[in-house]
Amino acid sequence: MISKKAKYALKALKVLAEQYGKGPVLISYIAEKEKIPKKFLEAILLDLRNNGVLQSQKGKGGGYLLRVPPGEVNFSKVLRIIDGPIAPALCVSMFFYGKCDDCKDEETCSLRTVLERWRDANLAVLDKTTLNDLLQAENAASTDILS
C-alpha cells in the first residue's frame, strides 16, 4: 500500500497539473481543494521541490508549480521520493538496494525471483502512468457523473 503522504502528494500534483502553465499555486488553495492538512502538505511539497519535481516562488503571486510538463512526472518517481523503494524487498530494489540478512545466496534465492517479477509488474504500470493520466481519469469520472 502507498502511504497517506504519497496519496496526498499525488492529489497535490494533480492540482498543480491542472494549473500547469498558469503560474504558481498557493499551498492554501491546494490544501483546501484536496482536504490536505496544510502543515503536512508544506512538507510534501518541499520534498517534491527538493527532488526536482516542483519549483517555488516566494512573495506576492508566489506558490508552487510543476518544474516539468505533467506528462513527464510519472508515479514511480513520486512514490520513490515520498515513500522510498517501490520493490517489495531491498534485495530487488533498483535504487535502494540492500543485501538481505537472512539470505545465504541471492543468485539461488527462489523468493528473489518472484519479488523481482512483482517489482517489474508494478513498475510496468507506475513508470508509464503520469500526471496527465491522472487528469484524464478525473475528466472521465466527471464526464460519467454528468452523463
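Cut-offs used in this document
- Residues numbered from 1 in each chain as written.
- Predicted model: local features only at pLDDT ≥ 70, side-chain atom pairs only at ≥ 80, totals over all residues.
- Heavy atoms only, no water.
- Salt bridge = Lys/Arg side-chain N within 4 Å of Asp/Glu carboxyl O.
- Helix = DSSP H or I, 4+ residues; strand = E, 2+ residues; numbered from the N terminus.
- Buried < 20%, exposed > 50% of the residue type's maximum accessible area, 1.4 Å probe, protein only.
- Pairing = 2+ DSSP bridges.

Identification of the protein chain as Rrf2 family protein from Dyadobacter fermentans is taken from an unreviewed UniProt entry.

Caption draft 1: A look at the pattern of salt bridges. By the definition in use, this model includes eight salt bridges. Of the charged contacts in the structure, one is a salt bridge between D47 and K5, with a shortest N-O distance of 3.2 Å. With D47 in helix α3 (residues 38-50) and K5 in helix α1 (residues 4-18), this residue pair connects regions lying 42 residues apart in the sequence. With a relative accessible area of 26%, D47 lands in the partly exposed category.

Caption draft 2: Seen up close, the pairing of strand β1 (residues 54-57). As judged from the four bridges shared by β1 and strand β2 (residues 63-66), these two strands associate in the antiparallel manner. The residue bridging S56 from the neighbouring strand is Y64, located in β2.

Caption draft 3: Summary view of the environment of K39. Its location among the elements puts K39 in helix α3. Between the C-alpha atom of K39 and that of S28, which follows or precedes it by 11 residues, the distance is 9.8 Å.

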